[in-house]
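Residue-level structural notes
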Amino acid sequence: MTFHYTDPDGHRIEATPGYVAESAAVSFMAWNAYGDTIRVDIPVARVEELIAGIRDTARQAAIGPNPQHIGNQANAEDCPACIGTNPPYPFLCPGGQP
Ligand SMILES: [Zn+2]
């Protein structure tokens, strides 16, 4: 079985059974619009790690970037990154600190 995907810009990716260091692997081939090719071989033992990483990345893409602190002594109640963090009195945004 081979998996194929082409994005709206015509870039393609294909996953096929393969080998890396004499072990079973999934070989990914990708082509850009100019026909340049990239190949990445993922050992079968690490395929679930790859899929989990893609799921996590997709979840992050769906919710958007992490909120950023306003900083500059702003009221923490107005800062999207401070919401729910219960900053110490006087409730000012720490400005860029996690
Ligand atoms: Zn903040």
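Everything numeric here is computed off the predicted structure, so don't read it as measured data.

Rules behind the numbers
- Residues numbered from 1 in each chain as written.
- Predicted model: local features only at pLDDT ≥ 70, side-chain atom pairs only at ≥ 80, totals over all residues.
- Heavy atoms only, no water.
- Donors = N, O, S within 2.8 Å, 3.2 Å for Na, K, Ca; no water.
- Tetrahedral: all angles 85-135°; square planar, octahedral: opposite > 155°, others 65-115°.
- Helix = DSSP H or I, 4+ residues; strand = E, 2+ residues; numbered from the N terminus.
- Buried < 20%, exposed > 50% of the residue type's maximum accessible area, 1.4 Å probe, protein only.
- Pairing = 2+ DSSP bridges.
- Axes fitted to C-alpha atoms, helices over the stretch in contact; angles between N-to-C directions.

A short note on the coordination of the zinc ion
Around the zinc ion, the protein supplies H69 (ND1), C79 (SG), C82 (SG) and C93 (SG) as donor atoms, at distances of 2.0 to 2.3 Å. Around the zinc ion, the four donor atoms are arranged such that angles at the metal cover 102 to 116°; this shape is classified as tetrahedral. One chain supplies every donor for the zinc ion, spaced along it as H-x9-C-x2-C-x10-C. Taken together, the residues C82 in the segment after α1 (47-63) and C93 in the segment after α1 connect sequence positions eleven residues apart. Classification of C93 as buried rests on a relative accessible area of 4%.

Quick word on unusual backbone geometry
For A21, which is not glycine, the phi dihedral falls at a positive 50°. Tracing the backbone shows A21 in the loop between β2 (12-20) and β3 (23-31). Overall, the relative accessible area of 73% leaves A21 in the exposed class. Even without glycine at this site, F91 takes up a positive phi of about 60°. Position of F91 among the secondary structure elements: in the segment after α1. Residue classification places F91 among the partly exposed positions, given a relative accessible area of 38%.

Focus on the sheet that holds β2
Read from one edge to the other, the open sheet built from four strands follows the order β1-β2-β3-β4, with strand pairing classed as antiparallel. Of all the strands in the sheet, the pair left with one neighbour each is β1 (3-6) and β4 (37-43). Pairs of neighbouring strands in the sheet enclose a mean axial angle of 25°, with direction left out of account. In this sheet, β2 lies alongside β1 in antiparallel orientation, the contact comprising four bridges. Across the sheet, residue T6 finds its bridge partner in β2, namely R12.

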